[in-house]
Amino acid sequence: MSAVPSTEQVEPTGPGGTEHPTVSREDVAHLAHLARLAVADEELDRYAEQLDVILHSVAAVAAVAADDIEPTSHAVPLINVYREDVVRPGLTPEEALAMAPAADAGRFRVPQILGEEQ
Amino acid sequence: MTTAELTPAEWAALDDVADFDEAIAAFDPVLGLEVHVELGTATKMFCSCATTFGAEPNTQVCPVCLALPGAMPVVNGTAVEYAIRIGLALNCSIAPWCRFARKNYFYPDMPKNFQTSQYDEPIAFDGYLDVPVGDEIVRVEIERAHMEEDTGKSTHIGGATGRIHGAEFSLLDYNRAGVPLVEIVSKPIVGTKASAPEVARAYVATLQDLVRSLGVSDVRMDQGSMRCDVNLSLTPAGNPVFGTRTETKNVNSLRSVERAARFEICRQASVLTAGGEIRQETRHFDELAGTTASGRVKETAEDYRYFPEPDLVPVAPSAQWVEQIRAALPELPWVRRERLQRDWGFTDLEMRDLTNARGVELVAQTVAAGAGAGDARSWWMSYLAQQANSAGVELSELAITPAQVAAVIGLVSSGSLTAALARKVVDGVLAGEGEPAEVVEKRGLAVVSDDSALQAAIDEALAAQPDVADKIRSGKVQAIGAIVGAVMKATRGQADAAKVRELTLKTIG
Ligand SMILES: [Zn+2]
């Protein structure tokens, strides 16, 4: 992972730390909102606990990774893979829309978008 | 733009906001401009779909830009080169190594549920752009220029306003999804005070000029290939701490950039003066009203949960490649202007007015089409400028090409048209009546150059006013005006006055 701040990258309490939950009810509620999931109030504690277990398991890696090891984002050491700027045929509109749950006037039709204005 | 250009409706909309001068007296505006430029590559950023503007919906899509399972993106090398070109022209450092990142959000304009962008590793960073504002140069520091992809186009159906609110469903066209973008982010621009709106406009205009000269985008704000978000906050005069900023989107013309900044200064000042707080939010610019309206409360950078894109390998432009691109950069527009000014022999003032009216390239093209520089300048800066002004458009948006202007100039110099007739021909071209020669033909505008026709008109005029001939013979040459006037009337203004004068004198002899 990069050094990008993320609500998901909660710092573990220590190497393999297990002292107290590091994911709060509020964290779960916030993540649920970002994922547009309806999570019931009584589920918040349960998911906080479960996510905590996952985070602490992953944090075990931090215990063995020394400071001199760069965070890895790619498994293969490749750089500069480029494509030529040449148009190639893609899908026809019929092919593209055939896979859509709903279509209208050559466009993908999606349900009402709630709570957003872009 | 000055406030004098506001329409009555715009003035009315300003009623509930602070007066601009009072706002500026109490607060210092801080500007931040984010400009998106759609690159003019043939294909999209990560797939080989075409990028043609205005194609039928979903005719330029493939498994990659529709995010079908298993489809893998590959970077368009030309887009990277264009991004580097923009970075270099903005005096930026070019990252020797950088990655793409996923910006996660839920919105159907990206079928992937994320937009591929760059986060903390932009391809270009720490540059500047010198912006002419009136007689001064304002240096705008550039924070970064990063690569990303455009989103699809949504149409909201069922709402009264065509917006999401009240819509029953939305329709998506993914032709634009994946078109390469470069986002250019300025550092906060401080200390501009009352000229902040003008600086905002001048910055975007200069950037447009620069990017166009690089040949990497057609930078058409009306078609969305250049878009601007105006960030603005106010800080009490003299206070070094920035206030809460708003981000105004949908700012689709240079004039709107200035109006949006101006409106936000007035609106925020009125909220703050009344003891209120500014919400950090996205606002929408309403072109018609000239106002901004509240949109959503902005998600923070953390909420986008950026992480490095695992499906794309890092971009690591070699120093050699970057230097090659630098060496091949075209002449920058302001350097080119200095050269053209020398070639054309224009004064500083003439050149500055032409530049401010964004007419340099138009004059250059008119000259290239065979017209004299002075004639070309005078057409674009007087008659055509008036037409553009009254239509509220840029010179370049007028429905006449530099070649057509050159053709009209040619008809005047060959004596086929008088200046007055030439203006009518231009009116015809602007009205869509065809090429200048066709307009001359259709409207019957050619100068009456047939000497016998003119002679007949002169003879008739002299016969009708016998005393005039005597006056002229006795030395009162100015009396000839009566004859010239009569002839012009008889030929419906289509005679060359100098010619009529010459023929009349010969007749009286
Ligand atoms: Zn595609």
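Higher on the page you've got the structure.
Read on for a plain summary of the structure. What you see is a predicted model; the values in this text were computed from it and never measured.

## Focus: the overall build of chain B
Thought 1: The helix and strand tally for chain B stands at 17 helices and 15 strands.
Thought 2: Considered along the principal axes of its C-alpha atoms, chain B spans approximately 95 × 55 × 50 Å.
Thought 3: Split into buried and exposed, the 509 residues of chain B put 50% on the buried side.
Thought 4: Counting only contacts in chain B whose residues sit at least 6 apart along the sequence, the fraction spanning at least 24 positions is 68%.
Thought 5: Total accessible area on chain B stands at roughly 21900 Å², and carbon and sulfur atoms take up 52% of it.
Thought 6: If you average the places of the 48 positive and of the 68 negative side-chain charges in chain B, the two averages end up 2 Å apart.

## Here's the deal with the sheet that holds strand β4 (residues 101-104) of chain B
All names here are of chain B.
Thought 1: Reading across from one edge, β5-β4-β15 is the order of the three strands in this open sheet, with antiparallel pairing throughout. Of all strands in the sheet, those bounded by a partner on one side alone are β5 (114-117) and β15 (307-308).
Thought 2: Sheet topology note: the β4/β5 ladder contains four bridges and is antiparallel. Within β5, the residue paired with lysine 103 across the bridge is glutamine 115.

## Observations regarding a nonpolar patch on the surface
Thought 1: A grouping of Tyr47(A), Leu51(A), Ile54(A) and Val58(A) is seen on the molecular surface, where their side chains present a nonpolar patch of about 330 Å² in accessible area.
Thought 2: For Ile54(A), the location among the structural elements is in helix α2 (residues 41-64).

## Quick notes on the interface of chain A and chain B
A common way to state how big an interface is: give the accessible area lost once the parts meet.
Thought 1: Counting residues at the interface gives 43 residues for chain A, matched by 62 residues for chain B.
Thought 2: Approximately 4800 Å² of surface area, both sides summed, lies buried where chain A meets chain B, with 59% of it carried by carbon and sulfur atoms.
Thought 3: Run the count over chain A and chain B and you get zero salt bridges.
Thought 4: The interface formed by chain A and chain B includes 22 residue pairs in polar contact (both at pLDDT 80 or more).
Thought 5: Where the side of chain A that touches chain B is concerned, the elements lending two or more residues are α1 (25-34), β1 (82-83), α3 (93-98) and β3 (107-111) of chain A.
Thought 6: Sorting elements by how many residues they give to the side of chain A that touches chain B places β3(A) first, with five residues.
Thought 7: With four bridges connecting them, β3(A) and strand β9 (residues 169-173) of chain B associate as antiparallel partners.

## A short note on the packing of helix α14 (residues 451-464) of chain B against helix α16 (residues 480-490) of chain B
Residues and elements named next belong to chain B.
Thought 1: The geometry of α14 relative to α16 is characterised by a closest axis approach of 9 Å and an angle of 125 degrees between their N-to-C directions. As far as their axial angle goes, α16 and α14 are oblique. Our pair here, α14 against α16, has a crossing hand that is right-handed. Together, Leu454, Ala457, Ile458, Ala461 and Leu462 of α14 and Ile483, Ala486 and Val487 of α16 make up the contact between the two elements.
Thought 2: Its residues placed into classes, the contact of α14 with α16 shows eight nonpolar, no polar and no charged.

## Considering the nonpolar core
Residues and elements named next belong to chain B.
Thought 1: Grouped together as the largest cluster of nonpolar side chains are 74 residues, with contacts concentrated most on Leu31, Leu90, Ile123, Ile184, Tyr203, Val204 and Leu207.
Thought 2: Among the elements that line this core, the one with the most residues is helix α4 (residues 196-214), at eleven residues.
Thought 3: In terms of nonpolar packing, the next biggest core, distinct from the first, is built from 34 residues, Leu340, Ala371, Leu384 and Ala388 among them.

## Some points on the packing of aromatic side chains
For any pair of aromatic rings, geometry is given as the distance between the ring centres together with the angle between the planes.
All names here are of chain B.
Thought 1: Evaluation of the coordinates by the stated rule reveals seven aromatic pairs over all chains.
Thought 2: For the pair tyrosine 119 and tyrosine 306, a centre-to-centre distance of 3.9 Å together with 10 degrees between the ring planes defines the contact as stacked. Linking tyrosine 119 in the loop between β5 and β6 (124-133) with tyrosine 306 in the loop between β14 (291-297) and β15, this pair joins segments that are 187 residues apart in sequence. There is no split in this pair, since tyrosine 119 and tyrosine 306 are both buried.
Thought 3: One aromatic cluster in this structure is built from Tyr119, Tyr304 and Tyr306.
Thought 4: The ring of tyrosine 304 is capped by lysine 103, whose NZ or CZ atom sits 4.5 Å from the centre of that ring.

The rules behind each value
- Residues numbered from 1 in each chain as written.
- Chains lettered and ligands numbered in written order.
- Predicted model: local features only at pLDDT ≥ 70, side-chain atom pairs only at ≥ 80, totals over all residues.
- Heavy atoms only, no water.
- Helix = DSSP H or I, 4+ residues; strand = E, 2+ residues; numbered from the N terminus.
- Buried < 20%, exposed > 50% of the residue type's maximum accessible area, 1.4 Å probe, protein only.
- Contact = heavy atoms within 4.5 Å.
- Areas by Shrake-Rupley, 256 points an atom, 1.4 Å probe, with all protein chains shown as cover.
- Lys, Arg positive; Asp, Glu negative; His and termini not counted.
- Charge placed at Lys NZ, Arg CZ, Asp CG, Glu CD.
- Pairing = 2+ DSSP bridges.
- Patch = residues over 30% accessible without salt bridge, like charges linked within 9 Å, V, L, I, M, F, W, Y side chains within 5 Å.
- Salt bridge = Lys/Arg side-chain N within 4 Å of Asp/Glu carboxyl O.
- Buried area = accessible area lost by both parts, 1.4 Å probe.
- Polar contact = N/O pair within 3.5 Å; in protein donor to acceptor, adjacent residues only side chain to side chain.
- Axes fitted to C-alpha atoms, helices over the stretch in contact; angles between N-to-C directions.
- Parallel < 35°, antiparallel > 145°, perpendicular 65-115°, else oblique.
- Left-handed = near helix turned anticlockwise from the far one by under 90°.
- Nonpolar A, V, L, I, M, F, W, Y, C, P; charged D, E, K, R; others polar.
- Core = buried A, V, L, I, M, F, W, Y, C linked by side-chain atoms within 4.5 Å.
- Phe/Tyr/Trp six-rings, centres within 6.5 Å; stacked < 30°, edge-to-face > 60°.
- Lys NZ or Arg CZ within 6 Å of the ring centre and 35° of its normal.

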